[in-house]
Amino acid sequence: EARAACESVRTMQAELGLSGRAAGQRMRGRVLSGFAPGALRLEGVAPFGSPVFILVADGLRGTLLLSRERRVVQDAPPEEILNALVGVRLGADDLRALLSGCVRAAAEATTARGYSGDWLAVDLAAGGTIYLRRIATAWRIVAGRYGGLEIDYAAFEGARPFQVVLRGSDLNLALALNQVEINGDLPRDALVALKIPDGVAPLSLEQLRRAGPLGE
């Protein structure tokens, strides 16, 4: 039942409230997000004016525009851009799955272990573990881990999480999901469209990585 609910999420839009720390920096802000299979769009909301950043990904190609610095990273792996930007190495489909309550996109199970009657730990063929808890008569995914990342679904609204906590070796980041829309009309062309203004200077992934995650 939990897996069927995960596989049903094709598109997703949400406003993400970020708070916590990554790579020694304090992080706080809002990000508008949109997802489709193999594609994403993230816009860092500024108090006024243009977005702090816009990240789009279409398949294996990602582009990051830092609007205020007038710099751009082009044709880089989306998961590497996201790692340098906020300290989380996730591709478009894995981030969509994580935010929709499914831990990761590759969720083929291999083995399962029961605990105390109401808990299950399910190991994944692609690596990692999903933890489920029986609530009333249904099983709900409440946590997971893979690739050095721990995911805790701290609060739910109906069957979907509205607070997600990510922890890693140098990461403790809470995401509050608001205005969530699942499987709405989200044209892929509009999702990944990004016009690069004239006069924007190129930025390498290594330069972005040295700058570290975006902080306050």
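Predicted model, so just to flag it, every value in this text is computed and none were measured.

1. Notes on the packing of aromatic side chains
Now for step 1: Scanning all chains against the criterion turns up one aromatic pair.
Now for step 2: For the ring pair Tyr153 and Phe156, a centre distance of 6.4 Å and an interplane angle of 55° mean the geometry is tilted.
Now for step 3: Here Phe156 falls in the partly exposed class, since its relative accessible area comes to 22%.
Now for step 4: In this structure, Arg104 is placed above the aromatic ring of Tyr146, and the distance from its NZ or CZ to the ring centre is 4.1 Å.
Now for step 5: Over the aromatic face of Phe156 sits the side chain of Arg140, whose NZ or CZ is 4.4 Å from the ring centroid.

2. Digging into the side chain of Thr11
Now for step 1: Structurally, Thr11 is set in the loop between helix H1 (2-7) and strand E1 (12-22).
Now for step 2: Within the structure, Thr11 has its side chain in polar contact with the backbone oxygen of Gly184 (distance 3.1 Å).
Now for step 3: In contact with Thr11, not counting residues within four places along its chain, are Phe35, Ala36, Glu181, Ile182, Asn183, Gly184 and Leu186.

3. Points about the pairing of strand E13 (residues 171-182)
Now for step 1: In terms of strand pairing, E1 meets E13 through 10 bridges, oriented antiparallel. Its bridge partner being in E13, Leu16 is matched across the sheet by Leu177.
Now for step 2: Here strand E12 (residues 160-168) pairs with E13 via six bridges, running antiparallel. Across the sheet, residue Leu166 finds its bridge partner in E13, namely Leu173.

Reading the values: rules and limits
Residues numbered from 1 in each chain as written. Predicted model: local features only at pLDDT ≥ 70, side-chain atom pairs only at ≥ 80, totals over all residues. Heavy atoms only, no water. Phe/Tyr/Trp six-rings, centres within 6.5 Å; stacked < 30°, edge-to-face > 60°. Buried < 20%, exposed > 50% of the residue type's maximum accessible area, 1.4 Å probe, protein only. Lys NZ or Arg CZ within 6 Å of the ring centre and 35° of its normal. Helix = DSSP H or I, 4+ residues; strand = E, 2+ residues; numbered from the N terminus. Polar contact = N/O pair within 3.5 Å; in protein donor to acceptor, adjacent residues only side chain to side chain. Contact = heavy atoms within 4.5 Å. Pairing = 2+ DSSP bridges.

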